Amino acid sequence: MLLATVALWPWALAQVAPDDPPPCTYGDVVVDVDHLRDHALVLLDTTYRLPETPDPSDLVRVREAGFASDHLVRAVVIDDLRALREDAEAAGLALEVQSAYRSFAYQRQVFDGWVARLGEAQARRVSARPGHSEHQLGTAIDLRTRGGPAPWDLADWARTPEGAWLVQHAHRYGFVLSYPAGEEERTCYDYEPWHYRWVGRELAGAVHEAGVPLRVWLWRHHPPQALP
Ligand SMILES: [Zn+2]
């Protein structure tokens, strides 16, 4: 009876049994997407990547959201980023931006730096090869505690008051934690308690509600298309 039902209504099966992304492998498949207009739906991992793209024309300094640094994000992020910073501050917390927009060329320097420090295999667990980084979208941000060390120099930044607050509240400002703890097999990267990507409040709420990493949610709802 079940088989007959599936045969008659195959789309019903697709809705109740969404496909999970494939195991993480290393590839260089360029995604066919308008990465500026549809930034929130761009799935980037160790296989799928962006081409080398020009700097977005709407980059602005995070200083406009009240931070003390001059890192850049796309203007679409600023209002929610400011609201997040203000509410964290009202809760007695002090956030600062560690890193934000990174071009394809700069990401190459960043990745090569990790390779020099850790070797290629471990570098691939903690850093993205050029084109594969969410930072190239201009909507991903690494955060830290103001006056504190780089967050990756701590055992678990999410155990600090600032990091813990973000775990609880970031989605309300449109941000998702791209690489949560315990999800390394599905995110393709080591746990990064400092790395948040802005996808807008509606989508961030949906991802938070689903309780899955962004890569899994996007694969189920907006699987990547390869550039022909
Ligand atoms: Zn990051």
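Our structure's up above, just so we're on the same page.
Worth saying up front: this structure is predicted, and the values here are computed from it rather than measured.

Draft legend 1. Quick peek at the nonpolar core. If you look at the biggest cluster of nonpolar residues, it comprises 25 residues, and the most contacted ones within it are V73, L81, I141, L166 and F175. Elements that contribute at least two residues to this core include exactly helix 3 (75–90), strand 5 (95–99), strand 6 (140–145), helix 6 (161–169) and strand 8 (195–198). Counting residues per element, this core draws most heavily on helix 3, at five residues. When neighbours within four sequence positions are excluded, L166 is seen to be in contact with L84, L95, L143, W157 and Y196.

Draft legend 2. A look at the pattern of salt bridges. Under the definition given, this model contains 20 salt bridges. R74 is paired through a salt bridge with D58; the nearest N and O atoms lie 3.0 Å apart. Separated by 16 residues along the polypeptide, R74 in strand 4 (residues 72–74) and D58 in the loop between strand 2 (48–49) and strand 3 (59–61) bring together distant segments of the chain. Exposure remark for R74: the relative accessible area of 7% places this residue in the buried category. Residue classification places D58 among the partly exposed residues on the basis of a relative accessible area of 22%. The residue R124 makes a salt bridge to E120 at a minimum N-O spacing of 2.8 Å. In this pair, R124 and E120 are both assigned in helix 5 (residues 120–126), four residues apart and thus about one turn of the helix distant. Judged by relative accessible area, which is 36%, E120 ranks as partly exposed.

Draft legend 3. Quick peek at helix 4 (residues 104–118). With 15 residues, helix 4 extends 21 Å from end C-alpha to end C-alpha; this agrees with the ideal 21 Å at 1.5 Å per step. For helix 4, every residue scored as buried is listed here: F104, Q107, V110, F111 and W114. Seen from one end, helix 4 has its buried residues packed into an arc of 115 degrees, which puts them on one side. Those residues of helix 4 that are exposed and aimed more than 90 degrees away from the buried face are Q109 and A116.

Draft legend 4. Fine view of the sheet that holds strand 8. Within the open sheet, the four strands sit side by side as 5-6-8-7. Their pairing is antiparallel. Pairing within the sheet leaves two strands with one partner each, and these edge strands are strand 5 and strand 7 (175–177). Here the strands of the sheet are splayed against their neighbours by 45 degrees on average, with no regard to which way each runs. Relative to strand 8, strand 6 is paired through three bridges, and the arrangement is antiparallel.

Draft legend 5. Summary view of the state of the cysteines. Throughout the structure, instances matching the rule amount to one disulfide. Covalent S-S linkage joins C24 and C188, the inter-sulfur distance amounting to 2.1 Å. Taking the sign of the S-S torsion, about -80 degrees here, the bridge from C24 to C188 comes out left-handed. Placement of C24 in the loop between helix 2 (10–16) and strand 1 (29–30) and of C188 in the loop between helix 7 (184–187) and strand 8 is noted, with a sequence separation of 164 residues between them. Judged by relative accessible area, C24 falls into the partly exposed class, the value being 27%. Judged by its relative accessible area of 1%, C188 is buried.

Draft legend 6. Fine view of the pairing of strand 5. Most of strand 5 sits out of view: five of its five residues are buried. Where strand 5 lies against strand 6, four bridges are found, and the strand directions are antiparallel. Bridge assignment links L95 to a residue of strand 6, and that residue is T145.

The rules behind the values
Residues numbered from 1 in each chain as written. Predicted model: local features only at pLDDT ≥ 70, side-chain atom pairs only at ≥ 80, totals over all residues. Heavy atoms only, no water. Core = buried A, V, L, I, M, F, W, Y, C linked by side-chain atoms within 4.5 Å. Buried < 20%, exposed > 50% of the residue type's maximum accessible area, 1.4 Å probe, protein only. Helix = DSSP H or I, 4+ residues; strand = E, 2+ residues; numbered from the N terminus. Contact = heavy atoms within 4.5 Å. Salt bridge = Lys/Arg side-chain N within 4 Å of Asp/Glu carboxyl O. Expected span 1.5 Å × (residues − 1). Arc of directions from axis to C-beta. Pairing = 2+ DSSP bridges. Axes fitted to C-alpha atoms, helices over the stretch in contact; angles between N-to-C directions. Disulfide = S-S within 2.5 Å.

This is a description of form; function is not addressed.
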